[in-house]
There are 2 protein chains.
Amino acid sequence: MKMISGGVCAPIGYKAAGVCCGIRKKNKKDLALIVSEKKAAAACVYTQNLVKGAPITVTKAHIADGYAQAVICNSGNANTCNSNGIEIAEGMCALVEKETGIPACDVVVASTGVIGQKLSLDPIESGLPALVASLGDDSDGAAQAIMTTDTVKKEIAFSFALGGKACRIGGIAKGSGMIHPNMATMLVFVTSDVAIAPALLQKALSADVKDSFNMISVDGDTSTNDMVSVLCNGMAGNPVIDSENADYEVFCAALRAVTRYLCRCIASDGEGATKLLECCVTGAADVSAARTLAKSVICSSLVKAAMFGADANWGRVLCALGYAGAPLDVDKVSVRFVSKAGSVHVCENGRGVDFSEETAKAVLSEKDITIAVGLGDGDASATAWGCDLTYEYVKINGDYRT
Amino acid sequence: MKMISGGVCAPIGYKAAGVCCGIRKKNKKDLALIVSEKKAAAACVYTQNLVKGAPITVTKAHIADGYAQAVICNSGNANTCNSNGIEIAEGMCALVEKETGIPACDVVVASTGVIGQKLSLDPIESGLPALVASLGDDSDGAAQAIMTTDTVKKEIAFSFALGGKACRIGGIAKGSGMIHPNMATMLVFVTSDVAIAPALLQKALSADVKDSFNMISVDGDTSTNDMVSVLCNGMAGNPVIDSENADYEVFCAALRAVTRYLCRCIASDGEGATKLLECCVTGAADVSAARTLAKSVICSSLVKAAMFGADANWGRVLCALGYAGAPLDVDKVSVRFVSKAGSVHVCENGRGVDFSEETAKAVLSEKDITIAVGLGDGDASATAWGCDLTYEYVKINGDYRT
C-alpha cells in the first residue's frame, strides 16, 4: 500500500469541487460536490443520535439499493430540527440531477453547521452551476467546503493492488467539535475505484468504524448529522469482491489506512486543541473492554485539561479507567506517557512509581501524546484518539452561533 | 421545616472543627473533625468508581454495624492509589481514638485531593490535639477544612418536628471538580439528632442520592473518593423511627432539603463556573428516562460552553437529549430557557420557534439558568444540576498538582 495524492479524486473516475455559495456569512467555501463517472457501490454509517439531520433520512433512502453516484454537502447549516428539512435535502439532490444528469435518487446528501435553523435552497441553486463547472481532479476545494470550525483540511489517498490491478482509495473528512461518534461518525466521504458488492462494502465499513471513528472523541457530544459514506465505482477493473476472500481483506486494510489517518486528523484538529492524545490499552480480557477503557480516558475532561497543562497527573487516568464501566483489576494497571521526547513510567500495579517531573514535562510538552495503559488481564487491545481541553475550546463554543 | 444556622453542629450533641495541619502547602485548613456526644446510627453511600480511595474501604468496615460517632477528613491528598493507603486511613482513626476516646472502629474517615501520592500521618498526628481542643458549636472550620478547589464553603441546617419533638439535621459538603457522582457522590457529611434505626437511615440515604447527588455533574468525571455519610444520634428524643411510617417520610423530606441545597451549592461552585445550570425534564414516560435525559443535557460540554457565552444555542440541548440513551419522541420535545430575567421559548415539537435574541441574551446572562425540557410522553420528571464550562475550568485543571 502506498500513500498517494488526490484525496477523493485519486481513484479512477471521480471529480470534486467546492465553492462559496453564500450559506455562510464569511467568504468561505460552503458547498462541496463529488461525482463518479459510473454508478458506484455505496455504503454509509450514520449517527445513532435520536435527533437526526434530515440529510441522513434522505441519504438512507437513496442508497437503499446499494448504489450512488454523487455526494453533495453544505456547511454552515445542519438542516436539522427545522420544519422543511426533508424537502430541502431532497431539493439539493434534485438540483444535482438538474445540473449533472445524475438521478437525484443516486445522490448522497449531507449538511453540517448550526442545528435548528431553516436552510434555503436559493444559495445552493445559484451556486451549483459554478460548482459543476469547476469539477476537477483535485479534492482540495471539496475538502475545504465541508469544514466548519476545522482549522485544517483532512484528505488522504492510498494505492494498492487487487487481482493484479492497481486500485485506489481516498477520503476527505470534516470534524472538530461535537465529536463523539457512536456507531458512526462526523462527515467522512471515501471514494474508491475498487469493484465490490454493495453488501460486502457495507460490511467492511460497519466493521471498520468500531475501531476507527467510534474511537475518537473531542467533547463527548454525539452529533446529529454524523455520516461516513464510501463509494466504489469498480473502474480499477479488479475482479469484483463478492465474498470475504483475500481481496476483501486487502480492501479492508486499505479502508482502515484511510479511516485511521482521518481519525487522527479529526482528533488533532479538535476544537481548540493543541495536542493529539492517543490512548493505547493493551492486555485487556476482550476488545470490548479495551475500547471502553481507552475511550473513557480520552473523554475525561480532567485528563484532557492535565495534558493541556503538560501535567503528569496520572491519577486522573486511573480515575477514568475506574468509572469506564468495564471490568478492571486495579492492582494490575500500569500507565506510561509516551511522545517523541521519550517515555515516562508513572504507575505500576495501580500505584504510583517515582518519576522525574522534568522528564514528564518534556514528554507531555510534545504535540502527539500517547497514554499507554497496560491491564495484565489478557491479549486484547484498542486505541482511542482525542485532544486536550483548552481555553480556545471554551471560546469557540461560547458563541458559535453568533 | 425551618432553615437554621449551625451546619453539622445544629443538631443536639455534635461539635466540629477544622485546622491547618500542614498537608497542603498553602496556609489553608486541611483537617476536619466532627464528633457526636453519643454513638449515632450511621449510613454512607460511596463512589462506584472501581478505583476507590483507601478511606472508603476503611469507612465501610467501620460502619458495618450501623453505628459511628466521629468523622475525620483531610484535604490535599486523596490517599488513593498508593501502597499504604489502608494503613494510613486506619491510622487516622486510631489517632482520633487516642485524642478523643471514641473507638477507632466508630470513626468515619475520608480524604480528598491529589490521587496517587503517599499521605503521611505526621501532620495529622501533630495537628489532632489542637483540632480536638478547638471542637465547638460552629461547623465553619470543618466546612473550610474539607475544601479543595471549592471557592465557597457549603453548609446548611433545618429544624423540623417528629412525634412532638423538635429535631434538627445539618450538613457540609465539598466538591467542585471531578464531579459526576454515580450511586454516590463527592464528600458530604450530614448530622441529625433524630432517633432512627440504622437500616432505615441507610434506606433513606440510598433513595435520596438517586435524585440529589447522582443528578449533578461538573465535568463528567466520577471521583475515586466520593462519599456521603449521615449520622443520627437520637438526642432529639423523638420516638425511634423503625418503620417506613409518617415520621420516616418527614425525616426523608428533611434529608432531601439538606441534600438538594448542597447539590445546588456544589454545582454552582463547579470548577471555574460562573453559572448554575438546572435542567428540569417534565412529561417523561418514567423517572429513569427523565433522569437520564436531564443529566445528559447538564453534561454536554457544548451546552455548558453555550451557557457560558449566554448563547441560546438550543440545538445542542436537542442533540444532548438525542444521544442520552433514553427513549425520546423528538417531534414532541419543547425547550425553554428560564431565569429571573424571564423566560424564552426556543423549541416546540422538536423544531425551532422564532424568539427574540435580545430577550434570550438577557435570560442567559443571569447566574441561575433553568433549561426546561418538555417531552409530552407522560407524567414523570427529574432535575439535574451542573454549571457552565469556562476558561477558568481549563486553567484550574491544567496544573492542579503543581
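Here the structure is shown first, and the text comes after it.
These notes cover the structure that comes with them. (Residues numbered from 1 in each chain as written. Chains lettered and ligands numbered in written order. Predicted model: local features only at pLDDT ≥ 70, side-chain atom pairs only at ≥ 80, totals over all residues. Heavy atoms only, no water.)

Regarding the sheet that holds strand E15 (residues 380–387) of chain A
Residues and elements named next belong to chain A.
At step 1: Across the sheet, six strands lie side by side as E13-E12-E11-E14-E10-E15; this open sheet has mixed pairing. Looking at strand neighbours, the two that pair on one side only are strand E13 (351–352) and E15, the edges of this open sheet.
At step 2: Note: strand E12 (residues 342–348) against E13, two bridges, orientation antiparallel. In the strand pairing of E13, Cys347 is matched with Gly352.
At step 3: Contacts from helix H10 (residues 357–364) reach strand E11 (334–339), E12 and strand E14 (368–374), with the element oriented near 120 degrees to E12. (Pairing = 2+ DSSP bridges. Helix = DSSP H or I, 4+ residues; strand = E, 2+ residues; numbered from the N terminus. Contact = heavy atoms within 4.5 Å. Axes fitted to C-alpha atoms, helices over the stretch in contact; angles between N-to-C directions.)

Here's the deal with the packing of aromatic side chains
All names here are of chain A.
At step 1: With the rule as written, the count across this model stands at two aromatic pairs over all chains.
At step 2: Consider the rings of Phe308 and Tyr391, whose centres lie 5.4 Å apart with planes at 85 degrees: the pair is edge-to-face. Taken together, the residues Phe308 in helix H8 (residues 301–308) and Tyr391 in helix H11 (residues 391–398) connect sequence positions 83 residues apart.
At step 3: For Phe308, a relative accessible area of 23% puts it in the partly exposed group. (Phe/Tyr/Trp six-rings, centres within 6.5 Å; stacked < 30°, edge-to-face > 60°. Buried < 20%, exposed > 50% of the residue type's maximum accessible area, 1.4 Å probe, protein only.)

A short note on the interface of chain A and chain B
At step 1: With 54 residues of chain A at the contact, the number on the chain B side is 54 residues.
At step 2: Together chain A and chain B conceal approximately 4200 Å² of surface at their shared face, both sides included; 60% is due to carbon and sulfur atoms.
At step 3: At the surface where chain A touches chain B, the tally comes to zero salt bridges.
At step 4: Between the two partners, chain A and chain B, sit ten residue pairs in polar contact (both at pLDDT 80 or more).
At step 5: Top element by residues in the side of chain A that touches chain B is H11(A). It accounts for six residues. (Buried area = accessible area lost by both parts, 1.4 Å probe. Salt bridge = Lys/Arg side-chain N within 4 Å of Asp/Glu carboxyl O. Polar contact = N/O pair within 3.5 Å; in protein donor to acceptor, adjacent residues only side chain to side chain.)

Let's talk about the sheet that holds strand E15 (residues 380–387) of chain B
Residues and elements named next belong to chain B.
At step 1: Taken together, six strands build an open sheet; the order of strands is E13-E12-E11-E14-E10-E15 and the sheet is mixed. Each of the sheet's edge strands pairs with one partner strand only, and the pair in question is strand E13 (351–352) and E15.
At step 2: Inspection of the sheet shows strand E11 (residues 334–339) paired to strand E12 (residues 342–348) by five bridges, in the antiparallel sense. Following the sheet pairing, Phe337 is matched in E12 by Val344.
At step 3: Contacts between helix H8 (residues 301–308) and the sheet are confined to strand E10 (276–284), E11, strand E14 (368–374) and E15, with E14 contributing the most and set at about 135 degrees to the helix.

Section: the nonpolar core
At step 1: Formed by 86 residues in total, the largest nonpolar core has its most connected members in Phe251(B) and Phe337(B).
At step 2: Apart from the residues within four sequence positions on either side, Phe337(B) is in contact with Met307(B), Ala312(B), Trp314(B), Val317(B), Gly342(B), Ser343(B), Val344(B), Val346(B), Val363(B), Leu364(B), Thr370(B) and Ile371(B).
At step 3: Counting 84 residues, the second largest nonpolar core, distinct from the first, contains Phe158(A), Ala284(A), Cys81(B) and Ile115(B). (Core = buried A, V, L, I, M, F, W, Y, C linked by side-chain atoms within 4.5 Å.)

A word on the relation of the copies chain A and chain B
At step 1: Taken as rigid bodies, chain A and chain B are interconverted by a rotation of 180 degrees and an axial shift of 0.0 Å, the fit giving an RMSD of 0.0 Å. In symmetry terms, the pair is related by a two-fold rotation axis. Using C-alpha coordinates, one finds that chain A approaches the rotation axis most closely at Tyr391(A), a distance of 2.4 Å.
At step 2: The fraction of interface residues of chain A whose copies in chain B are also interface residues reaches 100%, indicating that both copies meet through the same surface. (Least-squares fit on C-alpha atoms with pLDDT ≥ 70 in both.)

Shape is all these values report; function is a separate question.
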